[in-house]
Amino acid sequence: MLKRHVIRGALTLLLLSLAGFGAWIFSLPPAPATAETPSVAKQEMDALHAALKPPKRKRPLVAVVGINDATETTDYLMPTGILRRADVADVLTLATGPGPVTLYPALTVEADATLAEFDARNPAGADYVIVPAMSRDDDPAVLAWLREQSRKGATVIGVCAGAKVVAAAGLLDGKRATTHWYYLREMLDKHPSIAYVADRRVVADRGVATSTGISASMPMTLILIEAIAGRQKAEAVAADLAMASWDIRHASRAFKLTRPFATTVLANTLAFWKREHVGVELQPGMDEVSLALVADAWSRTYRSRAVSFAASPKAVATRNRIRVIPETTTADGRAAAYTDTFVHQRPAQALDQTLHAIDRRYGARTADVVAMQLEYPWRATP
């Protein structure tokens, strides 16, 4: 009798949970909001460029910081690759400790130095510190180091959810900022003195800058290049990236949690037997920005994961000297269900072509889920 009551109680709880989950799903909007991107006055762009001028050196020193166990792929690699191809600054990738940096959702790289090594070689600190999203916002070594770099006069730039790390260091208190749409409420709840600025991909305020989601690191870096070296240099780099424009306009209301997003993620997660690996071949001299975008996108479908492979297990140096450690060797990599070839295209083209390939392989809703995570203004079309 007791066993029967326990079973009935468990079933009742399960049904109530399912009912509650269903109610939550149906409470979500049925589609992303249609929103226009507000114009940006020239004075606002001029003020942004002025705020991002090199604070110390004529040729700035840029440090891109990450934690060894989980730093966001595109946030870490894209600013590094774009700034190095522009050749307007000395750029170093850093890690909290020795050893490789595991990026999420894909790739593993070797950092140029640890935080301690950087400090020993550069006691005056960096001109700019770029802070990607990390698996946790409260790494004590990162927070203490950011505070010290800010004290030494560095401009601290939080990319995507890296803004939460900057906020945790106390550097956004009482300042204007933005971040990835999914983490906005969390950041503001923890740090209520932050003044959120909507409809802008990049916001700067008194020594700190922040950007919206992952894909915003491309226009953010071009804006930084323009602030350092002028419009002509930024235009040349943008052409190399296949970027037509890089202003700060953004339709913030278009990026929200929706019913199609939630149900697609749920369906793809539950269909575990359909999961597959997408091979991404590492080749010396390849474009690290295209690599980051392609590997990141394929690993956000909830149906696939990008697996890097090369002829040997040794790290492969990209076009701009980022050393990527292959996950497996050629023989195993080519056994993947699908091998991506878009890594050989220019970055903006590579991302668009990858989203189209995801659309063809898994459907439009999955492609839209990926674009929404990247906070990229792209929608699958028939």
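For the structure itself, look to the data block above.
Everything numeric here is computed off the predicted structure, so don't read it as measured data. (Residues numbered from 1 in each chain as written. Predicted model: local features only at pLDDT ≥ 70, side-chain atom pairs only at ≥ 80, totals over all residues. Heavy atoms only, no water.)

A few points about the overall build of the protein chain
The condition that has to hold: In this description a helix means any DSSP run of H or I spanning at least four residues, a strand means any run of E spanning at least two, and both kinds are numbered starting from the N terminus. Using a 1.4 Å probe on the protein chains alone, a residue whose accessible area is under 20% of its type maximum counts as buried, one over 50% counts as exposed, and one in between counts as partly exposed. Using a 1.4 Å probe, accessible areas were evaluated by the Shrake-Rupley method; residue-level cover was limited to the displayed protein chains. The charge count treats Lys and Arg as positive and Asp and Glu as negative. His and the chain ends do not count. Charge positions are represented by NZ for Lys, CZ for Arg, CG for Asp and CD for Glu.
Each helix and strand in the protein chain was counted, giving 14 helices and 18 strands. Seen through its C-alpha atoms, the protein chain measures out along the principal axes to roughly 80 × 50 × 45 Å. Relative to its full complement of 382 residues, the protein chain shows a buried share of 54%. Total accessible area on the protein chain is roughly 16,600 Å²; 56% of this is exposed by carbon and sulfur atoms. Side chains of the protein chain give 45 positive and 38 negative charges; the mean places of these two sets differ by 4 Å.

Brief notes about the packing of helix α3 (residues 73-86) against helix α9 (residues 231-241)
Cut-off, in case you're wondering: Comment: axis = line fitted to C-alpha atoms, over the contacting stretch for helices; angle = value between 0 and 180 degrees taken between N-to-C directions. Angle categories are assigned with fixed cut-offs, so that under 35 degrees is roughly parallel, over 145 is roughly antiparallel, 65 to 115 is roughly perpendicular, and the rest are oblique. In this scheme the handedness of a crossing depends on how the near helix is turned from the far one: anticlockwise by less than a right angle means left-handed, clockwise means right-handed. Between two residues, a contact is recorded if the distance between any of their heavy atoms is within 4.5 Å. Just so you know the grouping, Ala, Val, Leu, Ile, Met, Phe, Trp, Tyr, Cys and Pro go in nonpolar, Asp, Glu, Lys and Arg go in charged, and all remaining residues, Gly too, go in polar.
It is at 10 Å that the axes of α3 and α9 come closest, and there the two elements cross at 125 degrees. With respect to each other, α3 and α9 are oriented oblique. Handedness of the crossing formed by α3 with α9: right-handed. Facing Ile82, Arg85 and Ala86 of α3, the residues of α9 in contact are Lys233, Val237, Asp240 and Leu241. Classifying every residue of the contact of α3 with α9 by side-chain character gives 4 nonpolar, no polar and 3 charged.

Overview of the side chain of His180
Selection criterion: In protein, a polar contact requires one atom able to donate a hydrogen and another able to accept it; more generally it is a pair of N or O atoms within 3.5 Å, and residues adjacent in sequence count only if both atoms are side-chain atoms.
Checked against the element boundaries, His180 lands in the loop between β9 (176-177) and α7 (184-190). There is a polar contact of 3.0 Å between the side chain of His180 and the backbone nitrogen of Tyr182. Leave out the neighbours within four places in its chain, and His180 touches Cys160, Ala161, Ser211, Thr212, Gly213, Ile214, Met372, Gln373 and Glu375.

Examining the sheet that holds strand β1 (residues 61-66)
Under the convention used in this document: Two strands are said to pair when DSSP picks up at least two bridges between them.
Taken together, 7 strands build an open sheet; the order of strands is β6-β3-β1-β7-β8-β12-β11 and the sheet is mixed. Edge positions in the sheet fall to β6 (113-114) and β11 (202-205), since each has one partner strand and no second. Bridging between strand β8 (residues 155-158) and strand β12 (residues 208-211) involves 3 bridges; their strand directions are parallel. The residue of β12 that forms the bridge with Ile157 is Ala209.

Comments concerning the environment of Ser150
Turning to its location among the elements, Ser150 is positioned in helix α5 (residues 140-151). For Ser150, a relative accessible area of 26% corresponds to the partly exposed category. Between the alpha carbons of Ser150 and Asp46 there is a distance of 23 Å; along the sequence they are 104 residues apart. When neighbours within four sequence positions are excluded, Ser150 is seen to be in contact with Val156 and Leu171.

Brief notes about unusual backbone geometry
Leaving glycine aside, a negative phi is the common case for residues, and trans is the common case for peptide bonds. Of the consecutive residues Tyr104 and Pro105, the connecting peptide bond is found in the cis state with omega at 10 degrees. Within the secondary structure, Pro105 sits in the loop between β4 (101-104) and β5 (108-110). Residues other than glycine seldom take positive phi values, yet Ala242 does so here, at roughly 70 degrees. Relative to the assigned elements, Ala242 resides in the loop between α9 and α10 (259-270). Overall, the relative accessible area of 24% leaves Ala242 in the partly exposed class. With a phi angle near 65 degrees, Tyr302 is a residue other than glycine that sits in the positive phi range.

A word on the side chain of Gln149
Relative to the helices and strands, Gln149 is located in helix α5. Residue Gln149 is classed as buried on the basis of its relative accessible area of 0%. Of note is the side chain of Gln149, whose polar atom sits 2.9 Å from the backbone nitrogen of Ala126. Beyond its immediate sequence surroundings of up to four residues, Gln149 is in contact with Phe118, Asp119, Gly125, Ala126, Val129 and Ala154.

Description of the pairing of β12
Going residue by residue along β12, you find Val208 and Thr210 tucked away on one face and Ala209 and Ser211 tucked away on the opposite face as well. The sheet contact formed by β11 and β12 spans 4 bridges and is antiparallel. Bridge pairing in β12 links Asp205 to Val208. Linking two consecutive strands that pair antiparallel, namely β11 and β12, is a turn of 2 residues; a positive phi of about 50 degrees is found at Arg206 within it.

Things to note about the pairing of β8
On β8, burial covers both faces: Thr155 and Ile157 on one face and Val156 and Gly158 on the other are all buried. Of the strand pairs in this sheet, strand β7 (residues 128-131) and β8 are connected by 4 bridges, and their pairing is parallel. Bridge pairing in β8 links Ile130 to Ile157.

A few points about helix α11 (residues 288-298)
Counting buried positions along α11 gives 11 out of 11 residues, so the element sits mostly inside the fold. The set of residues buried in α11 consists of Glu288, Val289, Ser290, Leu291, Ala292, Leu293, Val294, Ala295, Asp296, Ala297 and Trp298. Capping the start of α11, Asp287 holds a side-chain oxygen 2.8 Å from the backbone nitrogen of Val289, two or three residues further along.

Points about the sheet that holds β5
What the 5 strands build is an open sheet, ordered β2-β4-β5-β16-β15; its pairing is mixed. Of all strands in the sheet, those with a lone pairing partner are β2 (71-72) and β15 (316-317), marking the two edges. Pairing analysis gives 2 bridges linking β15 to strand β16 (residues 323-324), with the strands arranged antiparallel. Residue Ala317 lies in a different strand from β16, and its bridge partner there is Arg323.

A closer look at helix α14 (residues 364-373)
Counting buried residues along α14, 8 of its 10 residues qualify, which places the element largely inside the surrounding structure. All buried positions along α14 are accounted for by Thr366, Ala367, Asp368, Val369, Val370, Ala371, Met372 and Gln373. Taken from the residues just after α14, Glu375 is the one with a positive phi, measuring 50 degrees.

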